[in-house]
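Coordinate analysis (summary)
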Amino acid sequence: MSARWFRRGDHLVMLGAFAGALALLALSTFTSWPVAGGPVGGATEAAVNPVYTSQAGDCLNWTRANLSDVTKVDCAAQHMFEVTGVADIGAGYGPQAPFPTDEQWQKISEEYCAKTSLDYLGGRFDPFGKYTVGPLNPGERLWAEGQRTLRCGLQVAGPAGGLLPAYGSAKTQDQSDVYDPGVCLGITEARGVGDPVECVKPHAFEVVGVVTLPAGDFPPVERQDEVLSGECARIAAEYSGGLDFKARGLVVTWDTRAPESWAAGSHRANCKVGAATDGTGLNPWEGSVRNPNAPPLTTSNPPQTTTVQQDEPTGAPLHSQSNSSAPSGSSSASVTPTSNSSEPKPSR
């Protein structure tokens, strides 16, 4: 038994303030600058917080929840933020202006970071891809001291909005929303797709492989299904060592790409395994279908098994309607068997 799973268009926030491709740009968290990375005035260059000196093309990484260990790293290495530009918003927010609300930060991101980030990417942005856009803001303490400079940038977000490590510059990366084989995507209380978790925990899907769709003009969904149904069945059988998925109450599923994603160069799609459902929402399951006797997996990145936590990030969440808060079916999709052509098909 196989099934199809569609990523829905309302999963991400899409801006309406710009024409053309700008309308496709999504917003990310409005993370505050760390203040424990070293003083700004009267310090040596080595002691200055790297956020203060970062420019477009720089990549920043941190491991602590309060971002106090932020460092500038080569973009080829793991990082949490890629700077696309620097913006001074002092003209609109004077010395006495209170720290912006979530809604104001979203407006600021639209006005100052959307075009900057799109230009940085050469006009190619996948609105349903792995990157989101937003500002790294000064935080309330530095804001009160008069700091009004932002770093606009790109981050990788999980299905429910958690931050994931990025590898390589976004300028050159395929933006397809895919994961390495062996990554399990959690499940939310609303029975939507969650962020990566360890496979021993309840999850919605286990990614078993990634397929690159044939190059050329955008293939209609029906054509994508033709390619992916066969490829994902083959990959899942190889990944699991020929496991009888139906006997386990599982089905093979896959993603399809939208025209906007295709135009941005996102031609890759996940093959994954999920629990069979009645169409009312995803069902959790535990464990892995990976053949325990198979050789180690070859992945493009270190396994992204969990999202990176942050202490009370400021601003709006990664998406206005994440899978963790949206009602079942509004921003998540269900697994429905395709063996019965009379069943209604999910809509994009």
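Residues numbered from 1 in each chain as written. Predicted model: local features only at pLDDT ≥ 70, side-chain atom pairs only at ≥ 80, totals over all residues. Heavy atoms only, no water.

Another point: the overall build of the protein. Tallying secondary structure elements over the protein gives 5 helices and 14 strands in all. For the protein, the residues scored as buried account for 53% of the 348 residues in total. Sequence-distant contacts in the protein: of pairs separated by 6 or more residues, those separated by 24 or more amount to 73%. Of the accessible surface of the protein, which amounts to about 14900 Å², a share of 51% is contributed by carbon and sulfur atoms. (Helix = DSSP H or I, 4+ residues; strand = E, 2+ residues; numbered from the N terminus. Buried < 20%, exposed > 50% of the residue type's maximum accessible area, 1.4 Å probe, protein only. Contact = heavy atoms within 4.5 Å. Areas by Shrake-Rupley, 256 points an atom, 1.4 Å probe, with all protein chains shown as cover.)

What follows concerns the pairing of strand 11 (residues 203-212). The element strand 11 is largely enclosed, with a buried count of 8 among its 10 residues. Here strand 9 (residues 184-187) pairs with strand 11 via 3 bridges, running antiparallel. The residue bridging cysteine 184 from the neighbouring strand is glutamate 206, located in strand 11. Pairing analysis gives 7 bridges linking strand 11 to strand 13 (residues 268-275), with the strands arranged antiparallel. By the bridge assignment for strand 13, glutamate 206 is matched with valine 273. (Pairing = 2+ DSSP bridges.)

Let us now look at the sheet that holds strand 9. A sheet is described by the order of its strands in space; here 5 strands give the open sequence 10-9-11-13-12, paired in antiparallel fashion. Whereas interior strands pair on both sides, the edge strands pair on one side only; in this sheet they are strand 10 (193-197) and strand 12 (250-254). Geometrically, the sheet is characterised by an average inter-axis angle of 35 degrees between neighbouring strands, direction not taken into account. (Axes fitted to C-alpha atoms, helices over the stretch in contact; angles between N-to-C directions.)

With that settled, consider the side chain of lysine 272. Relative to the elements of secondary structure, lysine 272 occurs in strand 13. Relative accessible area serves as the criterion here: at 1%, lysine 272 is assigned to the buried category. Separated by 2.8 Å, the side chains of lysine 272 and aspartate 255 make a polar contact. (Polar contact = N/O pair within 3.5 Å; in protein donor to acceptor, adjacent residues only side chain to side chain.)

In this structure the tally under the stated criterion is 4 disulfides. Here cysteine 113 connects covalently by a disulfide to cysteine 152, the sulfurs 2.0 Å from one another. The disulfide joining cysteine 113 to cysteine 152 has a torsion of about -75 degrees about its S-S bond and is therefore left-handed. Of this pair, cysteine 113 sits in helix 2 (residues 102-120) while cysteine 152 sits in strand 7 (residues 149-157), and the two are 39 residues apart along the sequence. Take cysteine 152: its relative accessible area is 1%, and that puts it in the buried class. In this model, cysteine 184 is linked to cysteine 199 through a disulfide, with the two sulfur atoms separated by 2.0 Å. Measuring the twist about the S-S bond at about 100 degrees, one finds the cysteine 184-cysteine 199 disulfide to be right-handed. Note that cysteine 184 is positioned in strand 9 and cysteine 199 in the loop between strand 10 and strand 11, a separation of 15 residues in sequence. (Disulfide = S-S within 2.5 Å.)

So, about unusual backbone geometry. For arginine 191, which is not a glycine, the phi torsion comes out positive at approximately 65 degrees. Taking the relative accessible area as the measure of exposure, arginine 191 reaches 29% and is therefore partly exposed.

Across the 9 residues that make up strand 7, a large majority, 9, are buried. Across the two faces of strand 7 the burial is the same, with Thr149, Arg151, Gly153, Gln155 and Ala157 and Leu150, Cys152, Leu154 and Val156 all buried. In terms of strand pairing, strand 5 (residues 81-88) meets strand 7 through 6 bridges, oriented antiparallel. Bridging across to strand 7, glycine 85 finds its partner in cysteine 152. Across 6 bridges, the pairing between strand 6 (residues 131-137) and strand 7 is antiparallel. Opposite threonine 132, over in strand 7, you have glutamine 155 as the bridge partner.

Evaluated as defined, the whole model comprises 7 salt bridges. Among the salt bridges present, the one from lysine 115 reaches aspartate 119, with a minimum N-O distance of 2.7 Å. Placement of both lysine 115 and aspartate 119 in helix 2 is noted, with a separation of 4 residues, approximately one turn of the helix. Its relative accessible area of 42% is what places lysine 115 among the partly exposed residues. Among the charged side chains, a salt-bridge network with shared partners connects Glu231, Arg234 and Glu238. (Salt bridge = Lys/Arg side-chain N within 4 Å of Asp/Glu carboxyl O.)

The description of an aromatic ring pair rests on the distance of the ring centres and on the angle between the ring planes. Counted according to the given criterion, the structure contains 5 aromatic pairs. Between the aromatic rings of phenylalanine 99 and tryptophan 143, the centroid separation amounts to 5.8 Å while the plane-to-plane angle is 90 degrees, which identifies the pairing as edge-to-face. With phenylalanine 99 in the loop between strand 5 and helix 2 and tryptophan 143 in helix 3 (residues 139-144), this pair connects stretches of sequence that are 44 residues apart. With relative accessibility at 19%, the residue phenylalanine 99 sits in the buried group. Centre to centre, the rings of phenylalanine 218 and tryptophan 262 are 6.1 Å apart; their planes meet at 75 degrees, and the pair counts as edge-to-face. (Phe/Tyr/Trp six-rings, centres within 6.5 Å; stacked < 30°, edge-to-face > 60°.)

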